[in-house]
Amino acid sequence: MPNYGDFQLEIYLQGLAGVRPSLPMTYAELARRAEASLSQEVFSYVAGGAGDEHTQDLNVAAFDRYGLIPRMLAGAAERDLSVELLGLSLASPLMLAPVGVIGLCAQDGHGDLATARAAARTGVPMIASTLSADPLEDVAAALGDTPGWFQLYTPADRELAASFVRRAEAAGFQGIVVTLDTQILGWRPRDLALASFPQLQGKCLANYFSDEVFRAKLDKTPEEDPRAAALAWALGFSDPALSWDDLAWLRSLTDLPLLLKGIGHPEDVRRAVDGGVDGIYCSNHGGRQANGGAAAIDLLPAVVAAAGDVPVVFDSGVRGGEHVVKALALGARAVGVGRPYAYGLAVGGEDGIVHVLRSLLAEADLLMAVDGYASIADLTPEALSAR
Ligand code: FNR
């Protein structure tokens, strides 16, 4: 089986023919070029976070406090990055985190479909957001044989929530991720300065506008009166009073694996597991929702310990392969990528996402090779020194 790190050989060999990569090889360059490719409003929405973005930046910086300890002559010529996760046998631990305006990051406005096609090409599963520019059925169809999960923002209307889950099941999604940290929108100065929130303009609401339950409660169809439909979405986007008492209802909606996203406290892990969830998704939403919080990676060890045998997916702050490796060593079963693939899409379309994923996997794989960790099972907290 080829190693993911072989991607570097491919690049160097093309260099012999005078060909350099047209897509960026560093995250900083990727972000710079994404800014040049996107409108000010969309770039602000993707790049920006809550408050002064301290937590968002800390998510990345905190990885530097952990150092991978090199092991020599450890037999890591071949690496096995495969993982088992909630019924899925995956070639790598990478996942495409749900990104609600990914649709707008594509030049043609169909970024959800481009992401699904990139998932199909790489085998990296996509977690499709509730807030998509194309209906979830079309996204699922573009995934091909690669598995996908559907991310649910729980609407205030429970019938609508049930309808989304039913549709996701029928479309072939293989897990439901309920995001808990966005019952209310965080304070985002960059977007506030532009007075811009894409969904209020009716963007990325395809799942709502195509839903019979949502449509039945409107006076006029979204096609006749898009503004009223967007307003109805805003008023019913979430139920801010959702509580642990509602977990039994969420659980009852599906037999698919159920994960809760936004978990950072071990007590919340225990409540989730007691309530019958199948997976925990440790994340602080990339620092977009609450500023002043701890770095997500610093919350991961206690979340993993509390989860026991229940698998933990992690995201927030992953920018390079070293971050993937460190999150795995701290106990994540799978690692979500957010902004990097949104920028990849902005810069290079579907190919741009594939490039970002291949680069992350190659870097992680080569790091494991150089430092003597042949498989994910070898990556334990003991592989890290705390700096
Ligand atoms: C997100 N995220 C997100 N999460 C979710 O559960 N549903 C969603 O619709 C969205 N939408 C969304 C839009 C944008 C533009 C971003 C950047 C992020 C959060 C996402 O799943 C993930 O938690 C973060 O992206 C992780 O942080 P980093 O690594 O991107 O900084």
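All values reported here derive from a predicted model rather than from experimental measurement.

Visitor: I tried to follow the site of the ligand on my own but got confused; where do I start?
Guide: Taken together, 23 residues lie near the ligand, and P98, S129, T179, R319 and R339 sit nearest. Take H285: an N or O atom from its side chain is 3.2 Å from a nitrogen atom of the ligand. Protein chains bury 99% of the 590 Å² of accessible surface belonging to the ligand in isolation. Placement of the ligand is best described as lying within the largest pocket.

Visitor: Quick question: what am I supposed to make of the environment of Q8 here?
Guide: With respect to the helices, strands and loops of the structure, Q8 is situated in helix 1 (residues 6-16). Each C-alpha atom, one on Q8 and one on L23, is 14 Å from the other, the two residues being 15 residues apart in sequence.

Visitor: What should I look at first to understand the packing of aromatic side chains in this one?
Guide: Each aromatic ring pair is characterised by the separation of its centres together with the angle its planes make. For the coordinates displayed, the defined rule picks out twelve aromatic pairs. Taken together, a centroid distance of 5.8 Å and an interplanar angle of 20 degrees make the contact between F43 and Y343 stacked. With F43 in helix 3 (residues 40-47) and Y343 in helix 16 (residues 339-371), this residue pair connects regions lying 300 residues apart in the sequence. An identical accessibility class is assigned to F43 and Y343; each is buried. Ring centres 6.3 Å apart and planes at 80 degrees place the aromatic pair Y208 and W233 in the edge-to-face group. Linking Y208 in helix 9 (residues 206-209) with W233 in helix 11 (residues 226-236), this pair joins segments that are 25 residues apart in sequence. Three or more aromatic residues joined by ring pairs make a cluster, and in this case those are F150, Y153, F164, F173, Y208, F209, F214, W233 and F237.

Visitor: Whenever I open this one, helix 2 (residues 27-37) confuses me. Can you help?
Guide: Every α-helix winds through 3.6 residues per turn, so residues three or four apart in the chain are directed the same way. When we look at burial in helix 2, the residues that qualify are L30, A31 and A34. The buried residues of helix 2 occupy an angular sector of 95 degrees when projected down its axis, which confines them to one face. Opposite the buried face of helix 2, at more than 90 degrees from it, the exposed residues are R32 and A36. Of the surrounding secondary structure, the elements contacted by the buried residues of helix 2 are helix 3 and helix 16.

Visitor: Where do I start with the environment of D138 in this structure?
Guide: Residue position: D138 is located in helix 6 (residues 136-142). With 26 residues separating them in the primary sequence, D138 and D112 have C-alpha atoms 9.0 Å apart.

Visitor: What is the right way to look at the pattern of salt bridges in this model?
Guide: Here the idea is simple: oppositely charged side chains can pair when their charged atoms come close. A complete count under the given rule lists 17 salt bridges for this structure. Here D246 and R158 are joined by a salt bridge, their closest N and O atoms 2.7 Å apart. With D246 in the loop between helix 11 and helix 12 (247-252) and R158 in helix 7 (residues 158-171), the pair connects residues that are 88 residues apart, well separated along the chain. In this structure R158 comes out as partly exposed when scored by relative accessible area, which is 34%. Through salt bridges that share partners, R117, R121, E350 and D351 make up one connected network.

Visitor: What's the story with a nonpolar patch on the surface in this structure? I'm lost.
Guide: Judged by side-chain polarity, L9, L13 and L16 come together as a nonpolar surface patch covering roughly 340 Å² of accessible area. Among the structural elements, L16 can be located in helix 1. Taking the relative accessible area as the measure of exposure, L16 reaches 72% and is therefore exposed.

Visitor: Explain helix 3 to me, please; I cannot follow it from the model alone.
Guide: Within helix 3, six of the eight residues are buried, which leaves the element mostly enclosed by the surrounding structure. All buried positions along helix 3 are accounted for by V42, F43, S44, Y45, V46 and A47. As for helix 3, its buried residues are in contact with helix 2, helix 4 (54-61), helix 8 (189-194) and helix 16.

Cut-offs and rules
- Residues numbered from 1 in each chain as written.
- Predicted model: local features only at pLDDT ≥ 70, side-chain atom pairs only at ≥ 80, totals over all residues.
- Heavy atoms only, no water.
- Near = heavy atom within 4 Å.
- Polar contact = N/O pair within 3.5 Å; in protein donor to acceptor, adjacent residues only side chain to side chain.
- Areas by Shrake-Rupley, 256 points an atom, 1.4 Å probe, with all protein chains shown as cover.
- 1 Å grid on protein atoms, 1.4 Å probe; cavity = no way out; pocket = protein on both sides within 12 Å on 5 of 7 lines; lining within 4 Å.
- Sits in = over half its atoms within 2 Å of the grid points.
- Helix = DSSP H or I, 4+ residues; strand = E, 2+ residues; numbered from the N terminus.
- Phe/Tyr/Trp six-rings, centres within 6.5 Å; stacked < 30°, edge-to-face > 60°.
- Buried < 20%, exposed > 50% of the residue type's maximum accessible area, 1.4 Å probe, protein only.
- Arc of directions from axis to C-beta.
- Contact = heavy atoms within 4.5 Å.
- Salt bridge = Lys/Arg side-chain N within 4 Å of Asp/Glu carboxyl O.
- Patch = residues over 30% accessible without salt bridge, like charges linked within 9 Å, V, L, I, M, F, W, Y side chains within 5 Å.

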